[in-house]
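Observations on the three-dimensional arrangement
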Amino acid sequence: MIRALLWDLDNTLLDFPAAERIALQATFADFGLGPCSEEQVARFSALNIGWWQRLERGEITKAELLTGRFLAFFQREGISFSNGEAFNGAYQDHLGDTIIFLDDSYRLVQDLKGAVKQYAVTNGTRRAQVRKLAKSGLGDLLDGVFISEEIGAEKPSEDFFRPVLQAIGPYEKEELLLIGDSLTSDMEGGHRAGIPSCWYNPKGLPKPSHLSIRYDIRHLDEVRQILQGVPVQKG
């Protein structure tokens, strides 16, 4: 029986690409950098994913990521702006202020409150995630929040999950379910920590064979079926 859910936030409960676009364009406006086109947003998004994957592999620090990705982006775009720290700060605030739920996730978390314990496990910055949780109302529904900056380690490292498991109480790992979209942080993290995982995979991408993914879902509402013991796609 599943007794506790470990939710990823960005791209699982909340629509990160939509928030990313709004935040990037708003931050361009804040610093008078002119319009930020949809093509530029797409190029930044691709670059940003690469920087986050470098962080997950332990190749760079969070501080290097937060400013370095913008400086690299500005250089590629030919934009004369070098205050990556100030830009990142404003961008984080805009990210935190932009709330777009995926698959009516607020209602899902609300409906499950009391039936199972629910925790957020996120690599996002504390500055953005605290704002998101407050403005979305999710913070009031969840039983706890674990942010990598506060833990001192990033998903998929076992050093992230070890203190999470210690903090939430005495559960057998089979009583837990980690739900997330990322193969490299969420599914890889669950695999390393031995936590059953549910891949939120709305595009129906091929499931990798090297990861032990327990469930492969297209819509978050399928989590209800999992908790009720109704079969869904399994890894």
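What comes next concerns the included structure. All values derive from a computational prediction rather than experimental measurement.

1. Description of the pattern of salt bridges
Taken as a whole and judged by the stated rule, the model has 23 salt bridges. One salt bridge in this structure joins Lys62 and Glu154, with 3.4 Å as the shortest N-O distance. Of this pair, Lys62 sits in helix H3 (residues 62–77) while Glu154 is found in the loop between helix H8 (148–151) and helix H9 (158–168), placing the two residues 92 residues apart along the sequence. Here the two residues Lys62 and Glu154 agree in accessibility, since each one is buried. Here Asp221 and Arg224 are joined by a salt bridge, their closest N and O atoms 2.6 Å apart. Here Asp221 falls in the partly exposed class, since its relative accessible area comes to 35%. Judged by relative accessible area, which is 22%, Arg224 ranks as partly exposed.

2. Side note on the nonpolar core
By size, the foremost hydrophobic cluster in this structure holds 26 residues, and its most contacted members are Leu5, Trp7, Leu13, Leu138, Leu177, Ile217 and Ile226. No other element matches helix H5 (residues 105–112), which puts three residues into this core. Ala19, Phe44, Leu55 and Ala72 belong to the second-largest nonpolar core, a separate cluster that totals 25 residues.

3. Points about the environment of Asp93
Relative to the helices and strands, Asp93 is located in helix H4 (residues 84–97). Separated by 23 residues in the primary sequence, Asp93 and Val116 place their C-alpha atoms 31 Å from one another. Leave out the neighbours within four places in its chain, and Asp93 touches Arg127 and Arg131.

4. Focus: helix H1 (residues 16–30)
With 15 residues, H1 extends 20 Å between its outermost C-alpha atoms, agreeing within 8% with the 21 Å of an ideal straight helix rising 1.5 Å per residue. Those residues of H1 that sit buried are Phe16, Ala18, Ala19, Glu20, Ala23, Leu24, Thr27 and Phe28. Backbone geometry just after H1 places Gly32 at a positive phi near 65°.

5. So, the sheet that holds strand E3 (residues 144–147)
In spatial order, the strands read E3-E2-E1-E4-E5-E6; together these six strands make up an open sheet with parallel pairing. Whereas interior strands pair on both sides, the edge strands pair on one side only; in this sheet they are E3 and strand E6 (215–217). Between one strand axis and the next, the sheet turns by 20° as a mean value, whatever way the strands run. Relative to E3, strand E2 (residues 117–122) runs parallel, the two being bridged by four bridges. Bridging across to E3, Ala120 finds its partner in Val145. Across the sheet, H5 lies against strand E1 (4–7) and E2, angled at about 155° from E1, the strand it touches most.

Rules behind the numbers
- Residues numbered from 1 in each chain as written.
- Predicted model: local features only at pLDDT ≥ 70, side-chain atom pairs only at ≥ 80, totals over all residues.
- Heavy atoms only, no water.
- Salt bridge = Lys/Arg side-chain N within 4 Å of Asp/Glu carboxyl O.
- Helix = DSSP H or I, 4+ residues; strand = E, 2+ residues; numbered from the N terminus.
- Buried < 20%, exposed > 50% of the residue type's maximum accessible area, 1.4 Å probe, protein only.
- Core = buried A, V, L, I, M, F, W, Y, C linked by side-chain atoms within 4.5 Å.
- Contact = heavy atoms within 4.5 Å.
- Expected span 1.5 Å × (residues − 1).
- Pairing = 2+ DSSP bridges.
- Axes fitted to C-alpha atoms, helices over the stretch in contact; angles between N-to-C directions.

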